[in-house]
Amino acid sequence: QAQLVESGGGLVQPGKSLRLSCAAPRIICSNYVMGWYRQAPGKQRELVASITTSSTTNYADSVEGRFTLSRDNAKNTVYLQMNTLTPEYTAVYYCNAASSRTTYWGQGTQVTVSS
């Protein structure tokens, strides 16, 4: 069973930036579509961004232009750079790895945007 480990969450002030990291086993990070989801209070979990093994990215309309997803295969890690944050982005963010038949989830990391 693959283990995905998120880090980088925390409390940030509005207008500031944060970078989330997701470490995964080498074979998973190199061969699966990696993504970030989020779940805000009272909301369903939703896709934020995803990146393929060829580094093609896809972003939700709500974050495109503000978030950047990247992968570093040498470190077996994917990153979500979040800029100019506002309180609306407060949520638990989850790392995800998916193939055509298998999906893995991390435990989640809390992001709170507040002054």
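Scroll up for the structure.
Keep in mind that what you see is a predicted model, and the values were worked out from it rather than measured.

Observations concerning the overall build of the protein chain
The number of helices and strands found in the protein chain is one helix and eleven strands. For the protein chain, the sequential pattern of α-helices and β-strands runs β-β-β-α-β-β-β-β-β-β-β-β. Counting only C-alpha atoms and orienting by the principal axes, one finds that the protein chain spans roughly 40 × 25 × 25 Å. Here the protein chain, with 115 residues, has 38% of them falling under the buried criterion. Sequence separation of 24 or more characterises 52% of the internal contacts of the protein chain that already satisfy a separation of 6 or more.

A look at the packing of aromatic side chains
If you walk through the whole model with that rule in mind, you get three aromatic pairs. Relative to Tyr104, the ring of Tyr32 lies with its centre 5.9 Å away and its plane at 50°, an arrangement referred to as tilted. With Tyr32 in the loop between helix 1 (26-31) and strand 4 (33-39) and Tyr104 in strand 10 (residues 103-105), this pair connects stretches of sequence that are 72 residues apart. For Tyr104, a relative accessible area of 15% gives the class buried. Directly above the aromatic system of Tyr94 lies the positively charged group of Arg45, at a separation of 3.8 Å from the ring centroid. Here the guanidinium or amino end of Arg45 rests over the ring plane of Trp105, the centre of that ring lying 4.7 Å away.

Here's the deal with the state of the cysteines
Inspection of the entire model under this criterion finds one disulfide. The disulfide that involves Cys22 links it to Cys95, with 1.9 Å between the sulfurs. The chirality of the disulfide connecting Cys22 with Cys95 is left-handed, given an S-S dihedral of about -85°. Of this pair, Cys22 sits in strand 3 (residues 18-23) while Cys95 sits in strand 9 (residues 91-98), placing them 73 residues apart in sequence. A residue is classified by how much of its surface remains accessible, and Cys22, at 0% relative accessible area, is buried.

Examining the pairing of strand 4
Here strand 4 runs beside strand 9; their pairing, made up of seven bridges, is antiparallel. Bridge assignment links Arg38 to a residue of strand 9, and that residue is Tyr93. When strand 4 meets strand 5 (residues 46-51), the two strands line up antiparallel, connected through five bridges. In the sheet register, Met34 faces strand 5, and the bridge partner there is Ile51. Count of turn residues in the strand 4/strand 5 antiparallel hairpin: six residues, of which Gly42 carries a positive phi of about 75°.

Re the pattern of salt bridges
Summed over the entire model, instances satisfying the criterion amount to one salt bridge. One salt bridge in this structure joins Glu46 and Arg38, with 2.9 Å as the shortest N-O distance. Its relative accessible area of 37% is what places Glu46 among the partly exposed residues. By relative accessible area, Arg38 is classed as buried at 9%.

Rules of the game
- Residues numbered from 1 in each chain as written.
- Predicted model: local features only at pLDDT ≥ 70, side-chain atom pairs only at ≥ 80, totals over all residues.
- Heavy atoms only, no water.
- Helix = DSSP H or I, 4+ residues; strand = E, 2+ residues; numbered from the N terminus.
- Buried < 20%, exposed > 50% of the residue type's maximum accessible area, 1.4 Å probe, protein only.
- Contact = heavy atoms within 4.5 Å.
- Phe/Tyr/Trp six-rings, centres within 6.5 Å; stacked < 30°, edge-to-face > 60°.
- Lys NZ or Arg CZ within 6 Å of the ring centre and 35° of its normal.
- Disulfide = S-S within 2.5 Å.
- Pairing = 2+ DSSP bridges.
- Salt bridge = Lys/Arg side-chain N within 4 Å of Asp/Glu carboxyl O.

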